[in-house]
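Understanding the architecture of this molecule
Now for the letters of each chain:
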Amino acid sequence: MTAPFPFSAIVGQTDMKRAMVLTAIDPGIGGVLVFGDRGTGKSTAVRALAALLPPIEQVEGCPVNSARVEDCPDWAEIGSKQVVSRPTPVIDLPLGATEDRVVGALDIERALTRGEKAFEPGLLARANRGYLYIDEVNLLEDHIVDLLLDVAQSGENVVEREGLSIRHPARFVLVGSGNPEEGELRPQLLDRFGLSVEVRSPTDIGQRIEVIRRRDSYENTRDAFLTRWQAEDAKTRDRILAARQALTEVRTPKTILRDCAELCVALGSDGLRGELTLLRTARALAAWEGRKTVTRKHLRSVAPMALSHRLRRDPLDEAGSGTRVTRTVESVLG
């Protein structure tokens, strides 16, 4: 298997990389939605981040990547009880995927050859404990996106059909990407993603040259290039693992809770997902920075990615949603 492009070697795209790192620290933040131009490193970043994370331990042949034999589902035919190490899974969900392929369905082959009613797991099972990546998520059918977001939030896939009643864990980080010029997601679906960032093609000549130079090195002198960036990726991995350990110890002052609530009210954010995601993301950022307490600085830093996709459209305000969030943050937090 070809080694992915190193995460640390991706030039620019700071917001996208930071959003992915924060969800790696706390997968409970929810998925990441990356909207922007094609060819700006969206899928490269997903695979690169998964590759730098430590491998997972799983029972060999378990369809849901269970870490222990006792966690393997009853419906799965596990031939071995050996625990093996494998890279963090990254599963691509293609456009046109049917609901059966996503959630799983009746195993027709076993039904025909052995007369047994058995479950054939889908993409959600394979993505458990890893990443589920959807390119052009805005072109996916709404009911599939809705289904994915439900499962991503609950961490469980429930299949009730054709006499089958199946439940299995499906805990993954959902990353969706797309170009808004080709179609938009409904606001109800946008709100279900934890974070949202925009990526643009770099306009700085020096930055574009650096992208070309690193990509050329990756293509033509791969071993040397990967070796060069190995140490940087290792630092990022160690920092993510340290932040995961420290996450539960990060304190949240009452004033920060009030700030979250006032900010979302000022922005007109529906429901409470905005506050909850904002706080969770700020806490992950504090852990990433090695801080013991969430501060207003953390809220300011993550508010655009946690809230900009939850705003109602204002036909009288031509500023982008990110600008509106930044303006409101300055007004509320000073």
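For the structure, see preceding data.
Below, the structure is looked at part by part. All of these numbers come straight from a predicted model, not from anything done at the bench. (Residues numbered from 1 in each chain as written. Predicted model: local features only at pLDDT ≥ 70, side-chain atom pairs only at ≥ 80, totals over all residues. Heavy atoms only, no water.)

1. Things to note about the packing of aromatic side chains
Tallying each qualifying case throughout the model produces five aromatic pairs. Aromatic side chains F5 and Y218 sit 5.2 Å apart centroid to centroid with 70 degrees between the ring planes, which places their arrangement in the edge-to-face category. With F5 in the segment before α1 (14–25) and Y218 in helix α8 (residues 205–220), the pair connects residues that are 213 residues apart, well separated along the chain. The class of Y218 is buried, set by a relative accessible area of 5%. Judged by centre distance (5.5 Å) and plane angle (40 degrees), the rings of F5 and F225 are tilted. Residue F5 is located in the segment before α1, and its partner F225 is located in helix α9 (residues 222–246); the two are separated by 220 residues in the primary sequence. (Phe/Tyr/Trp six-rings, centres within 6.5 Å; stacked < 30°, edge-to-face > 60°. Helix = DSSP H or I, 4+ residues; strand = E, 2+ residues; numbered from the N terminus. Buried < 20%, exposed > 50% of the residue type's maximum accessible area, 1.4 Å probe, protein only.)

2. Quick notes on the environment of F35
Along the chain, F35 falls in strand β1 (residues 32–36). With a relative accessible area of 12%, F35 lands in the buried category. Through-space distance from the C-alpha of F35 to that of E109 is 40 Å; in sequence the pair is 74 residues apart. Setting aside anything within four residues of it in sequence, one finds F35 in contact with N138, G178, N179, P180, V197, E198 and V199. (Contact = heavy atoms within 4.5 Å.)

3. Focus on the nonpolar core
Counting residues in each nonpolar core, the largest one holds 59 residues, and the members touching the most others are I25, L49, Y131, I240, L278 and L307. With eight residues, helix α11 (residues 273–288) is the largest single contributor of residues to this core. With near-sequence residues (within four places) excluded, I25 lies in contact with I240, A243, R244, L247, A284 and W288. With 39 residues, the next largest nonpolar core counts L33, I166, L185 and F193 among its residues. (Core = buried A, V, L, I, M, F, W, Y, C linked by side-chain atoms within 4.5 Å.)

Function cannot be read off these values alone, since they describe shape.
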